[in-house]
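Observations on the three-dimensional arrangement
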Amino acid sequence: MTLLSVENLQTHFFTREGVAKAVDGVSFTLARGEILGLVGESGSGKSVTGFSILGLVDEPGRVAGGRVVFDGTDLVGMGEGPLRALRGKRIAMIFQDPMMTLNPVLRIDTQMVEAVRAHDTVSHAEALERARLALEKVGIPSPETRLKNYPHEFSGGMRQRVAIAIALLHEPDVIIADEPTTALDVTIQAQILAEVQRLCEETGVAMIWITHDLAVVSGLADRLAVMYAGRIVETGPTAEVLGAPRHPYTRGLIESVPQGKLHGARLRQIDGMTPSLLNLPAGCAFHPRCPRADAACRVMPDLATAGPRAVRCHHPLTDEETTP
């Protein structure tokens with residue numbers, strides 16, 4: 001069952017230099033209990049997509065078009081009051097830096113109790129017990145004791161677990177995770193990814209996992225949506241997209257990741273740089289960097305769908321070419 005449907009979402013930043021189309025016609029769906037990986041290079045529009053869903057885009061940016069339908073209600077154009085009631089309650093967000101979520105001068109119990117009582121009329125004791133259970137759920141030992149600590153008394157991995165616990169306080173339907181493990185070492189990262197998978201399976205929460213790290217989503221996400229210059233260029237089941245990429249950009253991302261079978265070999269890289277959103281090339285934005293580009297690529301291709309897969313390319317990779 002579709003819980004969240006993003007339809008032709010457009011988020012533009014109106015600057016003195018021009019209009020930057022950070023999100024330009026993005027569409028995808030999310031079902032209950034599903035994990036969608038939103039991947040791409042820095043500046044591809046991943047985080048802005050997440051912020052746009054929750055109405056968190058600040059000036060000079062704004063949602064210029066499209067729909068974000070959550071449980072039958074369009075969030076675009078919804079007033080700040082109703083949106084605020086929704087944020088944290090039914091749609092939660094985990095930020096890349098947990099210190100964006102945590103107040104450094106307040107104890108964890110104070111912050112979590114406030115988060116509970118912002119949406120639910122419960123006693124302090126009940127809110128405190130919910131906070132304790134949330135910390136326990138994300139694997140923080142001695143949660144009764146750790147509730148009395150300040151954020152600086154936690155390691156980076158533990159702070160991120162606290163941020164995840166806060167997101168889970170109201171048992172939301174959707175969690176948007178914006179690169180929450182980027183700054184963590186691989187051991188802690190693996191632990192948090194395992195916890196996230198377990199929580200999604202146990203609670204049925206749906207998740208959008210925003211990242212540039214294909215290794216992270218390869219074992220986490222059910223589906224992938226690959227973004228480039230504000231648009232989705234490929235989407236499909238994770239194993240299929242990573243095992244048989246159709247878009248040259250997706251293949252470039254995969255080939256730039258170190259792999260055991262290529263030990264000692266020189267890594268391939270995508271030539272050139274991500275284009276400025278203020279001066280995108282005509283047609284497919286990737287064509288100046290694409291080895292398969294020709295004159296046809298100066299016209300924007302449609303997102304062609306075939307079964308569970310979709311690709312926005314005039315010259316998609318064939319079955320014979322899809323082994324990275």
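Summary of the structure given here. (Residues numbered from 1 in each chain as written. Predicted model: local features only at pLDDT ≥ 70, side-chain atom pairs only at ≥ 80, totals over all residues. Heavy atoms only, no water.)

A look at the pairing of strand E2 (residues 18-31)
Worth spelling out the cut-off: What makes two strands pair is DSSP finding at least two bridges between them. Numbering of helices and strands runs from the N terminus, with a helix taken as a DSSP run of H or I at least four residues long and a strand as a DSSP run of E at least two residues long.
Summarising the sheet, strand E1 (residues 2-15) and E2 pair through 11 bridges and their orientation is antiparallel. Bridging from a neighbouring strand, Phe13 pairs with Ala20 of E2. What sits between the antiparallel neighbours E1 and E2 is a turn of 2 residues.

Looking at the layout of surface pockets
The condition is simple: Definitions used throughout: a 1 Å grid over protein atoms alone; a cavity as a set of points that fits a 1.4 Å probe which cannot get out; a pocket as an open set with protein on both sides within 12 Å along at least five of seven lines; a lining residue as one with an atom within 4 Å of a point. Grid points are joined across faces, edges and corners, and a volume is the space filled by probe spheres set on the points. Any residue that is not Ala, Val, Leu, Ile, Met, Phe, Trp, Tyr, Cys, Pro, Asp, Glu, Lys or Arg is counted as polar, Gly included; the first ten are nonpolar and the last four charged.
Considering only enclosed or pocket space, the largest pocket measures out at about 620 Å³ in volume. Along the walls of the largest pocket sit 22 residues, with Arg87, Gly88, Thr101, Ala115 and Ile166 positioned nearest its centre. Looking at the lining of the largest pocket, the elements with two or more residues in it are strand E6 (91-94), helix H3 (108-117) and helix H6 (156-168). When its residues are assigned to classes, the lining of the largest pocket shows 13 nonpolar, 6 polar and 3 charged. One number sums up the size of the second largest pocket: a volume of about 290 Å³. Surrounding the second largest pocket, 14 residues form its lining, Pro248, Gly252, Glu255, Gln269 and Pro291 being those nearest its centre. Across the lining of the second largest pocket, the residue classes tally to 6 nonpolar, 2 polar and 6 charged.

A short note on the packing of aromatic side chains
Short version of the rule: For Phe, Tyr and Trp, rings pair up if their centres lie within 6.5 Å, where Trp contributes its six-membered ring, and each pair is then called stacked (planes under 30 degrees apart), edge-to-face (over 60) or tilted (otherwise).
Applying the stated criterion across every chain yields a total of 4 aromatic pairs. Here Phe51 and Phe95 contribute two aromatic rings whose centre-to-centre distance is 6.2 Å and whose plane-to-plane angle is 35°, an arrangement assigned as tilted. With Phe51 in helix H1 (residues 46-53) and Phe95 in the loop between E6 and H3, the pair connects residues that are 44 residues apart, well separated along the chain. Ring geometry for Tyr228 versus Phe286: centroids 5.2 Å apart, planes at 80°, classification edge-to-face. One end of the pair, Tyr228, is in strand E9 (residues 223-228); the other, Phe286, is in the loop between helix H10 (248-255) and strand E11 (304-306), and 58 residues separate them in sequence.

Concerning the pattern of salt bridges
For clarity, the cut-off: Criterion for a salt bridge: a side-chain nitrogen of Lys or Arg within 4 Å of a carboxyl oxygen of Asp or Glu. Burial status follows relative accessibility: with a 1.4 Å probe on protein chains alone, a residue under 20% of its type maximum counts as buried, one over 50% as exposed, and anything between as partly exposed.
Applying the stated criterion across every chain, the model contains 19 salt bridges. Residues Arg67 and Glu7 are paired through a salt bridge, measuring 2.9 Å at the closest nitrogen-oxygen approach. Highlighted residues: Arg67 in strand E4 (residues 61-70) and Glu7 in strand E1, separated in sequence by 60 residues. Since its relative accessible area comes to 31%, Glu7 is described here as partly exposed. For the salt bridge of Asp173 with Arg90, the shortest nitrogen-to-oxygen distance reads 2.7 Å. On the criterion of sequence distance, the pair formed by Asp173 in the loop between H6 and strand E7 (174-178) and Arg90 in the loop between helix H2 (80-86) and E6 is long-range, its members being 83 residues apart. A single salt-bridge network, built from bridges that share partners, covers Arg32, Asp71, Arg90 and Asp173.

Here's the deal with the sheet that holds strand E5 (residues 73-74)
We count it as follows: Any two residues having at least one pair of non-hydrogen atoms within 4.5 Å are treated as being in contact. Interaxial angle, 0 to 180 degrees, is taken between N-to-C directions of lines fitted to C-alpha atoms, where a helix line uses only the stretch in contact.
Pairing is antiparallel across the open sheet formed by 4 strands, whose spatial order is E2-E1-E4-E5. Looking at strand neighbours, the two that pair on one side only are E2 and E5, the edges of this open sheet. Strands in contact with H1 are E1, E2 and E4; relative to E1, the strand with the most contacts, it is inclined by about 110°.

Describing the side chain of Arg223
Our working rule: Under the rule applied, a polar contact is a pair of N or O atoms within 3.5 Å (in protein, one hydrogen donor and one hydrogen acceptor; residues adjacent in sequence only if both atoms are side-chain atoms).
Examined against the element boundaries, Arg223 turns out to sit in strand E9. Polar contacts involving the side chain of Arg223 include one to the side chain of Glu34, which spans 2.5 Å. Among all residues touching Arg223, those that are not within four sequence positions of it are Thr29, Leu30, Glu34, Ile35, Leu36, Gly37, Thr235, Gly236, Pro237 and Thr238.

A short note on the pairing of E1
Direction of pairing for E1 relative to E4: antiparallel, over a ladder of 8 bridges. Paired with His12 across the bridge in E4 is Arg62.

Some words on the side chain of Lys46
Using the following cut-off: Neither His nor the chain ends is counted toward charge; the positive residues are Lys and Arg and the negative residues Asp and Glu.
Locating Lys46 in the fold gives a position in helix H1. Within the buried set, Lys46 has no salt-bridge partner at all; the shortest N-O distance to an opposite charge, 4.1 Å, is to Glu179. At 3.1 Å, the side chain of Lys46 and the backbone oxygen of Glu41 are in polar contact. With residues up to four places along the chain from it excluded, the contact list for Lys46 reads Leu38, Val39, Gly40, Glu41, Glu179, Ile210, Thr211, His212 and Met227.

Things to note about the environment of Glu153
For Glu153, the position within the fold is in the loop between helix H5 (143-146) and H6. Residue Glu153 is classed as partly exposed on the basis of its relative accessible area of 40%. Measuring from C-alpha to C-alpha, the distance between Glu153 and Arg107 comes to 9.9 Å, with 46 residues separating the pair along the chain. Here Tyr150 takes part through its backbone nitrogen, which lies 2.8 Å from a polar atom of the side chain of Glu153.

Considerations on the environment of Pro301
Position of Pro301 relative to the elements: it lies in the loop between H10 and E11. Sequence separation between Pro301 and Ile35 is 266 residues, and the spatial gap between their C-alpha atoms is 27 Å. Sequence-distant contacts of Pro301, defined by excluding residues within four places in its chain, comprise Cys284, Arg312, Cys313 and His314.

Concerning the sheet that holds strand E12 (residues 309-311)
The mixed open sheet is built from 8 strands, whose spatial order is E6-E7-E8-E3-E9-E10-E12-E11. Edge strands, defined here as strands with exactly one partner in the open sheet, are E6 and E11. Taking the axes of each pair of neighbouring strands and ignoring which way they run, one obtains an average angle of 20° across the sheet. With 5 bridges joining them, strand E3 (residues 35-39) and strand E8 (residues 206-211) adopt parallel strand pairing. From the neighbouring strand, Leu36 faces E8, where its bridge partner is Ile208. Of the strands in this sheet, E6 and E7 are in contact with H6, which crosses E6 at around 175°.

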